[in-house]
Amino acid sequence: MPGGTLQAGLDMSSAGPRISIGPLGRQGSDWLSRLRWLRAAFRGWRRTRPFWGGVWCILGGLIIAYGPTTAFRVILVAGTTVWLGILMGVLVMVMGLFLWFAPHLRQLTGILAAVFAMVSLVTSDYGGFVIGLVLGTLGGALGFAWTPIQARKT
Amino acid sequence: MTGSDEPRLVGKTRWRRVPLVLVPVYAMIAAVLYLAISGSLAVSFAISGTSFDTFADSLTSTGVDGNGRAFYQLGVLDVAATGTSATSLKVQAESIIPSAQLVNLCQSVTVATPIGPVTLITRAGTVAGHPVTASNLVTDATSLNANSATFTDFKVGQDLSTFTNPHVTVPVPVGPATTPDIPSVNAPPGTFGQTAASVSIDHLHSTGLATSAGSFTVPNLSLSFGGSCP
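Predicted, not measured: the structure shown is a model, and the values here were computed from it.

Engineer: Whenever I open this one, the overall build of chain A confuses me. Can you help?
Structural biologist: When helices and strands are tallied, chain A shows 6 helices and 1 strand. Each helix and strand of chain A, ordered N terminal to C terminal, gives the series α-α-α-α-α-α-β. A total of 154 residues make up chain A; the buried ones form 53% of that total.

Engineer: What am I meant to see in the environment of Leu204(B) here?
Structural biologist: Residues and elements named next belong to chain B. Within the secondary structure layout, Leu 204 lies in strand β15 (residues 198-208). Spatially, the C-alpha atoms of Leu 204 and Asn 145 are 5.9 Å apart, while their sequence positions differ by 59 residues. Beyond its immediate stretch of four places on either side in the chain, Leu 204 contacts Thr 54, Phe 55, Ala 56, Leu 59 and Ala 146.

Engineer: Could you clarify how one ought to interpret unusual backbone geometry in this entry?
Structural biologist: The phi angle of most residues is negative, glycine excepted, and most peptide bonds adopt the trans form. Residue and element names in this part refer to chain B. One non-glycine residue, Asp 153, lies in positive phi territory at about 50°. Here Asp 153 shows up in the loop between β10 (148-152) and β11 (155-159). Given 13 C-beta atoms within 10 Å, Asp 153 falls into the partly exposed group. Positive phi outside glycine occurs at His 203, with the angle close to 50°. With respect to the helices and strands, the residue His 203 is situated in strand β15.

What counts, and at which threshold
Residues numbered from 1 in each chain as written. Chains lettered and ligands numbered in written order. Predicted model: local features only at pLDDT ≥ 70, side-chain atom pairs only at ≥ 80, totals over all residues. Helix = DSSP H or I, 4+ residues; strand = E, 2+ residues; numbered from the N terminus. Buried ≥ 20, exposed ≤ 12 C-beta atoms within 10 Å, placed from the backbone. Contact = placed C-beta atoms within 7 Å.

Written out as structure tokens, the structure is:
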């Protein structure tokens with residue numbers, strides 16, 4: 001299957017050690033094999049970082065920031081804390097991006113994402129109507145719990 | 001390749017580690033909720049462009065700001081979030097109350113979500129002697145009803161630009177009315193409104209499609225999805 005197989009070559013459902021992953025060979029010329037290559041590349045990208053932790057953090061951060069952002073113009077009224085709600089949502093989102101693009105920091109950013117989501121409970125419409133709070137804490141915990149599989153020394 | 005955390009290493013979620021974060025965080029969330037419900041921690045609330053109803057048995061101002069005023073009201077032009085034409089510009093009555101107490105507060109917010117409209121009902125200050133306190137309350141309402149309202153030192157037709165401690169801010173529509181985020185500026189000279197040194201409103205019901213923001217202590221808070229306020 002040109003371009004569609006994974007470099008690791010192992011059965012992905014097996015519990016055996018996998019070292020690295022990525023699409024094998026060059027991109028094919030026809031669109032179908034190119035699509036297969038892209039899918040394999042995306043799969044490899046997904047499996048080499050806490051992908052779902054990042055997804056839930058980014059989604060949760062967006063929901064947390066949504067309410068205060070709609071009321072953005074109140075930001076100039078003296079003494080309002082609307083900006084703090086936007087900040088917490090953005091921070092949860094940024095932590096999600098860190099989980100994706102700096103997976104080696106996952107423990108720190110995972111905990112921070114969960115903590116910022118917790119703070120949003122008081123700064124941002126009850127944590128984005130509770131939904132953003134749940135997604136942010138879940139995403140942070142998933143990011144924290146993600147671990148690379150150690151290569152077996154041979 | 002070694003066992004170090006290289007970015008190309010395949011990994012998986014170790015589910016036993018998930019509670020290591022979730023348990024302490026949810027314990028803290030429970031503590032924060034307890035503080036909020038007991039009325040000792042203020043929560044911030046801000047939303048705009050959604051259908052928003054506020055009911056309260058009474059609203060009473062509890063202090064004045066640096067200008068010696070406890071209530072400002074002015075007409076503003078707000079942009080509805082879903083609007084694309086001039087019809088989405090709505091005249092609203094904006095009320096600014098620096099500090100207030102509300103008895104038996106019920107707020108109903110309807111948010112459009114991918115799974116359809118979701119209504120969130122927030123009740124607080126339902127127990128006698130434990131009212132909701134709000135600071136920097138900003139409400140834009142299309143309709144404002146009350147059984148009775150009492151103002152002291154009520155001044156109509158005041159130029160709001162003369163207040164400087166703090167300034168009164170007003171929204172400025174810019175360009176086509178397609179964006180709900182219009183910046184606000186200090187009220188320019190000639191922005192007229194009314195102010196009062198104290199306000200007391202009985203059986204308040206305000207309806208708006210626009211901004212509501214403020215910092216609240218919410219004793220006896222209860223959140224529920226669905227239903228409606230009385």
